[in-house]
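# Breakdown of the fold
Residue strings, one per chain:
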Amino acid sequence: MLDSAGGTAGDVPALLDLAVAAGHTWPRPGEGRTMVLWELLASVAAVDVAAARVLEPHLDAVAILAQAANSSPVDHPMPAGAADASWGVFAAEAPNARLDARPAGTGVVLNGTKPWCSLAGRLDCAIVTAHTDDGGRAAFAVSLRHPGVECEEPAWIARGLREIPSGSVHFDQVPATPVGGTGWYHSRPGFAWGGMGVAACWLGGAVGVARDFRNGLLAGAGAGREPDQLALAALGEVDRTIAAALQYLARTAARIDDGSLGADGNQSTWSEAQRVRGTVAAAVERVVHLVGSNRGPGPLAFDEKYAKRMADLALYVRQHHGARDDAQLGRLALKGDCPW
C-alpha cells in the first residue's frame, strides 16, 4: 500500500481505488485495532500527504456506516453499488449554504447546497449532514451520480493539496438514506475517533518532513558538510516533538479500544479529541517551522517532493482551528471535563 501510494501520487482515480481496497481490509476505529489504523494512515501521509487526504474520508465513511448499522435495528437500503463505491464525508457548514432533508413519500430527499465537498466530482457516494424538520441535523448516505446532484467546478487556487479541490455541491430532490437519527452523527464516539484519525494523518505528514530534513543532513555530511550545532539541535527537537505526539496517539488509541476513553464521567471523548488534535497540530507546526528554517529556500524552490509535502501539510493541518478549538477545549475544562 505504501509503495502504491507513493507511485500514484497525484493520480486521484488510482488513489480512490486504493481507498476502496483499504476500506475492505483496514481496521475500523474502536474495534480493537485503532492504533494499527492510525499507524497506517500516518505511514501513507509520510509518503504523500495528499494520498492520506484521499484515503482518510473514505475510511471514515466506511466506519460511520458500520457504526450506524450497529446502533440501529433498522436496515436502510444504501445507494446502488455502495459496497464498492468511493465515499466522501461532507459535514461542513457555511453562512451562505444550507442543505435540508425533507420527507418525501416513504423516504427522504435533499435540497440545497453543501460547501467544502472535496473531490465530489470524482466520488461515487457521500455521507452528508443536513438540517431536518425537527430543527437538528442528521447524516444521510447519498449517491453523487444522481442527476439531481450538481458539483461545482471550484476556483481552487491552493498550492497545497492541488489534486484535491473542494467546492460546493447542489442537491435538487436527491433521494437519501438516513444514517443514524437526528443528532447521532455528532454525538457518537466515532465522531471524535474520526477527528483523531485526521490528526494521525497530520502527524504522518510531519514525519515525512522530518525524514526529508534528516536525509538532507546525511547527504550534506556525505558531501563533506557536517551539520552544525544549530542543525543538530533542530533535528533533536524535531525528534522529541514527533516522539511525544506519537506516544500520545498510541495511548489514546489503546484507551479507545479498551473502553476507558470517555468512561470517566469527568472526561468526555470529545475533549480528548480536542486535546489530541491541538497537540498534534502544534507539533506539526513546530516541525514545519524548525525544518523550514533550517533547510532554507533552496529545497522549497527546487525539491518538488519536499515543496509539495510542505504545501500539502500546511493546508491540511488548517482543519484544526487553532485558538478557536482551544477556546472550545477551555470551556470544557472550565466545566471540569479535563484529566487534571
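The paragraphs below set out a description of the structure included in this document.

Rules used in this analysis
- Residues numbered from 1 in each chain as written.
- Predicted model: local features only at pLDDT ≥ 70, side-chain atom pairs only at ≥ 80, totals over all residues.
- Heavy atoms only, no water.
- Helix = DSSP H or I, 4+ residues; strand = E, 2+ residues; numbered from the N terminus.
- Buried < 20%, exposed > 50% of the residue type's maximum accessible area, 1.4 Å probe, protein only.
- Contact = heavy atoms within 4.5 Å.
- Expected span 1.5 Å × (residues − 1).
- Phe/Tyr/Trp six-rings, centres within 6.5 Å; stacked < 30°, edge-to-face > 60°.
- Axes fitted to C-alpha atoms, helices over the stretch in contact; angles between N-to-C directions.
- Parallel < 35°, antiparallel > 145°, perpendicular 65-115°, else oblique.
- Left-handed = near helix turned anticlockwise from the far one by under 90°.
- Nonpolar A, V, L, I, M, F, W, Y, C, P; charged D, E, K, R; others polar.

## Here we look at the environment of A85
Residue placement: A85 occurs in the loop between α4 (49-71) and β1 (87-90). Classification of A85 by relative accessible area gives buried; the value is 3%. Along the chain, A85 and A19 lie 66 residues apart, while their C-alpha atoms are 9.7 Å from each other. If near-sequence neighbours (up to four positions away) are discounted, A85 is found in contact with V20, H58, D124 and C125.

## Here we look at helix α7 (residues 229-258)
Compared with an ideal rise of 1.5 Å per residue, which puts 30 residues at 44 Å, α7 spans 43 Å between its outermost C-alpha atoms and is within 8% of the ideal. G259 occupies a position one or two residues after α7 and carries a positive phi of about 85°.

## Quick notes on the packing of aromatic side chains
Under the counting rule described, the total for this entry stands at 2 aromatic pairs. Where F191 meets W270, the ring centres are 5.3 Å apart and the plane angle is 25°; that geometry is what we call stacked. Remark: W270 occurs in helix α8 (residues 269-295) and F191 occurs in helix α6 (residues 189-222); sequence separation between them is 79 residues. Connected via pairs of aromatic rings, a cluster forms that spans Y185, F191 and W270.

## Notes on unusual backbone geometry
Phi is positive for W116, close to 55°, though the residue is something other than glycine. Relative to the helices and strands, W116 is located in strand β3 (residues 107-118).

## Re the packing of α8 against helix α11 (residues 323-334)
Contact geometry of α8 with α11 gives a least axis separation of 10 Å together with a crossing angle of 140°. Relative to α11, the element α8 lies oblique. As α8 packs across α11, the resulting crossing turns out to be left-handed. Between α8 and α11, the contacting residues are W270, S271, Q274 and R275 on the first element and D325, Q328, L329 and L332 on the second. In the contact of α8 with α11, the residues fall into 3 nonpolar, 3 polar and 2 charged.

## Comments concerning the environment of A45
Inspection of the secondary structure puts A45 in helix α3 (residues 34-47). A relative accessible area of 0% places A45 in the buried class. Each C-alpha atom, one on A45 and one on G208, is 7.4 Å from the other, the two residues being 163 residues apart in sequence. Residues within four places of A45 in sequence aside, it is in contact with A52, C201, G204, G205 and R309.

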